[in-house]
Amino acid sequence: MDGDEFHAAVYHVVRQIPTQRVTSYGHIAKLIGMPNYPRHVGQALKFVSPDVNPPIPWHRVLSSSGTISSRGPGTDGAARQRDALVAEGVDVQTTRGGELKVNLQTYGWFPAVGTIDTGVQPQQDDEDHNDDDEDEEVGQDGDGGA
């Protein structure tokens, strides 16, 4: 999967997260068949235009612990994410350490791999395209002879 396909798959799956639900960067990565790339999911969502249509609800994706990831000093991304979640009815708590956190047991959306449309087409090897040739060589009893 190249970078464009990866981003398209991320956006396709994130669009399916229901309102008032959240999931993790890592779970999105697992769903699209790239379980070792949760940070890349975050990068794909980092620069999503608010004008993209259909919208991509980037705010519904959090860290695996349910915290809203800091965007660094002097940025307002975490506050915007909190505000968007609260507007949908998701309860966002502030921890003693000042982190913004969502209860994943209450608001989590974690469908099993293979149960949702990822927008990713399975890749086939050249051998898979030659099924007709193989059928001609195999006899009725399946031993390769006639």
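The model shown is predicted, which means the values in this text are computed figures rather than measured ones.

Cut-offs applied
- Residues numbered from 1 in each chain as written.
- Predicted model: local features only at pLDDT ≥ 70, side-chain atom pairs only at ≥ 80, totals over all residues.
- Heavy atoms only, no water.
- Helix = DSSP H or I, 4+ residues; strand = E, 2+ residues; numbered from the N terminus.
- Contact = heavy atoms within 4.5 Å.
- Polar contact = N/O pair within 3.5 Å; in protein donor to acceptor, adjacent residues only side chain to side chain.
- Buried < 20%, exposed > 50% of the residue type's maximum accessible area, 1.4 Å probe, protein only.
- pLDDT = per-residue confidence, 0-100.

Quick look at the environment of Thr19
Moving on, step 1. Here Thr19 is to be found in the loop between α1 (3-14) and β1 (23-24).
Moving on, step 2. Residues Thr19 and Glu88 lie 69 residues apart in sequence; the distance between their C-alpha atoms is 6.5 Å.
Moving on, step 3. Apart from residues lying up to four places away in sequence, Thr19 is in contact with Arg60 and Glu88.
Moving on, step 4. At a separation of 3.3 Å, a polar atom in the side chain of Thr19 contacts the side chain of Arg60.

Details of the environment of Gln105
Moving on, step 1. Looking at where Gln105 falls in the secondary structure, it is placed in helix α5 (residues 104-107).
Moving on, step 2. Using a relative accessible area of 79% as the deciding quantity, one classes Gln105 as exposed.
Moving on, step 3. Sequence separation between Gln105 and Gly66 is 39 residues, and the spatial gap between their C-alpha atoms is 9.5 Å.

Some points on the side chain of His27
Moving on, step 1. As for its placement among the helices and strands, His27 is situated in helix α2 (residues 25-31).
Moving on, step 2. Of the residues examined, His27 reaches a relative accessible area of 10% and is grouped as buried.
Moving on, step 3. In contact with His27, not counting residues within four places along its chain, are Trp109, Phe110 and Pro111.

Notes on the confidence of the model for the protein chain
Moving on, step 1. Considering every residue of the protein chain, the mean pLDDT works out to 84; 81% of them sit at 70 or more.
Moving on, step 2. Mean pLDDT across the elements of the protein chain ranges from a minimum in helix α6 (residues 131-137), with 43, to a maximum in β1, with 98.
Moving on, step 3. Low pLDDT, under 50, characterises residues 126-146; the stretch is placed with 7 contacts to residues that sit more than four places away or in other chains.

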